[in-house]
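Examination of the molecular architecture
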There are 2 protein chains.
Amino acid sequence: MKRIAIQGTLGSYHDIAAHKYFEGEEIELICCANFEDVFAAVKRDSQTIGMLAIENTIAGSLLHNNELLRQSGTQIIGEYKLRISHSFVCLPEEDWDDITEVNSHPIALMQCREFLAQHPKMKVVEGEDTALSAETIKRENLKGHAAICSKAAAERYGMKVLQEGVETNKHNFTRFLVVADPWQVDEIRRHPHPETNKASMVFTLPHTEGSLSQVLSILSFYSINLTKIQSLPIIGREWEYQFYVDVVFDNVLRYKQSIAAITPLTKELKILGEYADGKSNI
Amino acid sequence: MKRIAIQGTLGSYHDIAAHKYFEGEEIELICCANFEDVFAAVKRDSQTIGMLAIENTIAGSLLHNNELLRQSGTQIIGEYKLRISHSFVCLPEEDWDDITEVNSHPIALMQCREFLAQHPKMKVVEGEDTALSAETIKRENLKGHAAICSKAAAERYGMKVLQEGVETNKHNFTRFLVVADPWQVDEIRRHPHPETNKASMVFTLPHTEGSLSQVLSILSFYSINLTKIQSLPIIGREWEYQFYVDVVFDNVLRYKQSIAAITPLTKELKILGEYADGKSNI
């Protein structure tokens, strides 16, 4: 039985992603109120695995999670890409005309802007979590309230789905990372051991001409391919930038050599994890 | 008198940024409900200038605005970096003990998570805009309501500031872009003409080894320095990536030559604007 710490409650998108990633395995979820608590759960018990959203095609990167990950010392052991589709749900005995207020997580609310704009009379109230909003409405029998959450959450809490697919942009995907204590990585990894063909890293470069181009040229000489690059200014250090880079490769030895080759040209290079390119339900 | 289309109302951070950028000039604001309307205002009247947030140190890039900008055909003519500090404000006759609900824009609410967590009894309700939340509370005399907005908005609408600096992270800066009709760019630019030393561009590359490294090497050979790079997957085109890149340079001729040199190696290269590196109140 694997213990997986997620942000959110049962029926949340993290729950769905965790069950998809660990399909066929028995897992127990540790539901955390926020991402700090997810990392704290992994730190407290080295057997616990964390799962956290890292980027969304609409909302972009979760910069705060990048930073928590970098500071946590945990290692990425896998990833999962989940298509996010929101449902508009209410108490089973209610209908469209009854709804005066809608509750959900702020990011889910943002992803449903067009739908909400079509219903300007509904008061939009933020909650901690998508699934928790549905659960609270049911538990407290909050008449007139609707939630925006997954269809799975609606089913779990016995809510009525008034409309599916209320997200504005249907190309709404979230990439989740699976993280573990660095000393437990080999133990925890799924058996059979998946082929490592992807890595995430972060490094700092001086803000001088060509510093990034040198690093990328070396990666290219070693046949290492970028799948993501994002620069972040370092507040208080005006002349340096931090880069988050994901790479894929066929040859693990070549990848290791390339990291050795770029290390002297970067500062604070940190490998956040080496893992298998993500499965997805796309 | 310059007409500036912004998202938000008087007292919003866009208002503050517009007045800082056009300091000493007479400006008239066109307040728009959303960013689509800002671009529509520029399209309707080629003399109108748009101003829009493009990235924030905490919330990250506004990917939707990147996409609107790319599709709009407008050109960036300048930028401004504003330190964002939120105040917690209420009706002048009320105090802490009276507050049961807090209203603001979802991004502002997210930036004040720690403050809100310290006051769990307050209901968090989303509004369209920070300043509009303050204005509504005052106009409708909504007892028990507080808004999170700029101090300038509190002063404009006669609200009482209960606490300043309620944002979680004090390194909270937003970068705003100033955009104009491409045929009006030279007319509209500020006189004296500021020195052009920065450019923003977007291009597509095949997802093959080294394609980005080649482009960045060429920019480096021409002494063009990156200040931002962000990759975005193109949904539905799995093997191509879109890159948003900002560069700075000393020599405009060398910059033009570098663009000519990278054009054959990229697809759909679009220069979003050439302008002067941003002033700021940092």
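Chain A appears in an unreviewed UniProt entry as prephenate dehydratase from Bacteroides stercorirosoris. Comment text from UniProt for chain A, heading Pathway (unreviewed entry), reads "Amino-acid biosynthesis; L-phenylalanine biosynthesis; phenylpyruvate from prephenate: step 1/1." Quoted verbatim from the Catalytic activity (unreviewed entry) heading of the UniProt record, the comment on chain A is "prephenate + H(+) = 3-phenylpyruvate + CO2 + H2O".

This part is about the overall build of chain A. Assigned secondary structure in chain A consists of ten helices and 16 strands. Seen along its three principal axes, the alpha-carbon backbone of chain A occupies a region of about 65 × 45 × 30 Å. Across the 282 residues of chain A, 56% fall into the buried class. Total accessible area on chain A is roughly 12200 Å²; 51% of this is exposed by carbon and sulfur atoms. Considering chain A, the positive charge centre built from 29 side chains and the negative charge centre built from 38 side chains are found 2 Å apart.

Turning our eyes to something else, we now look at the UniProt feature "domain: Prephenate dehydratase" (unreviewed entry) in chain A. With numbering aligned to this structure, UniProt lists the feature "domain: Prephenate dehydratase" (unreviewed entry) at residues 3-181 of chain A. Spanning residues 3-181 of chain A, this segment combines 31% helix with 34% strand, and its end C-alpha atoms are found 13 Å apart.

This part covers the UniProt feature "site: Essential for prephenate dehydratase activity" (unreviewed entry) in chain A. Residues and elements named next belong to chain A. Mapped onto the present numbering, the UniProt feature "site: Essential for prephenate dehydratase activity" (unreviewed entry) falls at T174. Take T174: it is sitting in strand β11 (residues 173-180). Assessed through its relative accessible area of 8%, T174 is described here as buried. In contact with T174, other than residues within four places in its own chain, are A53, E55, N56, Y80, K81, L82 and I84. In this structure the side chain of T174 is engaged in a polar contact, spanning 2.9 Å, whose partner is the side chain of N56.

All names here are of chain B. Its place among the elements puts L68 in helix α3 (residues 63-72). Taking the relative accessible area as the measure of exposure, L68 reaches 14% and is therefore buried. Contacts of L68, omitting those with residues within four sequence positions, involve F35, E36 and F39.

The full count for this structure, using the stated rule, is twelve aromatic pairs over all chains. Grouping aromatic residues by their ring pairs yields a cluster made of F88(A), W96(A) and F115(A).

Turning our attention to the interface of chain A and chain B. Taken together, the contacts link 38 residues of chain A with 38 residues of chain B. Taken together, both faces of the contact between chain A and chain B bury some 3200 Å²; the carbon and sulfur share is 55%. Connecting chain A to chain B are eleven residue pairs in polar contact (both at pLDDT 80 or more). Within the residue set of the side of chain A that touches chain B, elements represented by two or more residues are α4 (106-111), β8 (123-126), α9 (211-221), β13 (225-234) and β14 (237-248) of chain A. Split by residue class, the side of chain A that touches chain B holds 17 nonpolar, 15 polar and six charged.

Let us look at the domain arrangement of chain A. Residue and element names in this part refer to chain A. Under the domain assignment used here, chain A contains domain 1 (2-83 + 172-183), domain 2 (87-164) and domain 3 (198-280). Here the C-alpha centroids of domain 1 and domain 2 sit 24 Å apart. Carbon and sulfur atoms make up 53% of the area that domain 1 and domain 2 hide from each other, which totals about 940 Å². Our enumeration of links across domain 1 and domain 2 arrives at zero salt bridges. Where domain 1 touches domain 2, the interface holds five residue pairs in polar contact (both at pLDDT 80 or more). If one sorts the elements of the side of domain 1 that touches domain 2 by residue count, helix α1 (residues 13-21) sits on top with three residues. When grouped by side-chain class, the residues that make up the side of domain 1 that touches domain 2 number five nonpolar, seven polar and one charged.

Within the span of α3(B), buried status applies to L63(B), N65(B), N66(B), L68(B) and L69(B). Following α3(B) by one or two positions, G73(B) has its phi on the positive side, about 80 degrees.

Turning our eyes to something else, we now look at the packing of helix α2 (residues 35-44) of chain A against helix α3 (residues 63-72) of chain A. Residue and element names in this part refer to chain A. Here α2 crosses α3 at 20 degrees, and the two axes come no closer than 10 Å. Compared by their axis directions, α2 and α3 come out roughly parallel. For the pair α2 and α3, the crossing hand works out as right-handed. Facing α2, whose interface residues are F35, E36 and F39, α3 presents H64, N65, L68, L69 and S72. Residues that form the contact of α2 with α3 fall into these classes: four nonpolar, three polar and one charged.

Two copies of the chain are present, and they differ by a rotation about an axis and a shift along that axis. For the pair chain A and chain B, the best superposition has an RMSD of 0.0 Å and corresponds to a rotation of 180 degrees with a translation of 0.0 Å parallel to the axis. Read as a symmetry element, the transformation amounts to a two-fold axis.

Residue and element names in this part refer to chain B. Of note, T130 is situated in helix α6 (residues 130-139). Residue class for T130 comes out buried when judged on its relative accessible area of 6%. Beyond its immediate sequence surroundings of up to four residues, T130 is in contact with S12, Y13, S104, H105, A108, I148 and C149.

Our next topic: the pairing of strand β6 (residues 87-90) of chain A. All names here are of chain A. In β6, alternate side chains face the same way, and those of S87 and V89 on one face and F88 and C90 on the other are all buried. Pairing geometry for β6 and strand β10 (residues 160-164), over four bridges, is antiparallel. Its bridge partner lying in β10, S87 is registered against E164.

Reading the values: the criteria
- Residues numbered from 1 in each chain as written.
- Chains lettered and ligands numbered in written order.
- Predicted model: local features only at pLDDT ≥ 70, side-chain atom pairs only at ≥ 80, totals over all residues.
- Heavy atoms only, no water.
- UniProt positions renumbered as here; feature names shortened; annotations may be inferred.
- Helix = DSSP H or I, 4+ residues; strand = E, 2+ residues; numbered from the N terminus.
- Buried < 20%, exposed > 50% of the residue type's maximum accessible area, 1.4 Å probe, protein only.
- Areas by Shrake-Rupley, 256 points an atom, 1.4 Å probe, with all protein chains shown as cover.
- Lys, Arg positive; Asp, Glu negative; His and termini not counted.
- Charge placed at Lys NZ, Arg CZ, Asp CG, Glu CD.
- Contact = heavy atoms within 4.5 Å.
- Polar contact = N/O pair within 3.5 Å; in protein donor to acceptor, adjacent residues only side chain to side chain.
- Phe/Tyr/Trp six-rings, centres within 6.5 Å; stacked < 30°, edge-to-face > 60°.
- Buried area = accessible area lost by both parts, 1.4 Å probe.
- Nonpolar A, V, L, I, M, F, W, Y, C, P; charged D, E, K, R; others polar.
- Domains from an automatic or database assignment.
- Salt bridge = Lys/Arg side-chain N within 4 Å of Asp/Glu carboxyl O.
- Axes fitted to C-alpha atoms, helices over the stretch in contact; angles between N-to-C directions.
- Parallel < 35°, antiparallel > 145°, perpendicular 65-115°, else oblique.
- Left-handed = near helix turned anticlockwise from the far one by under 90°.
- Least-squares fit on C-alpha atoms with pLDDT ≥ 70 in both.
- Pairing = 2+ DSSP bridges.

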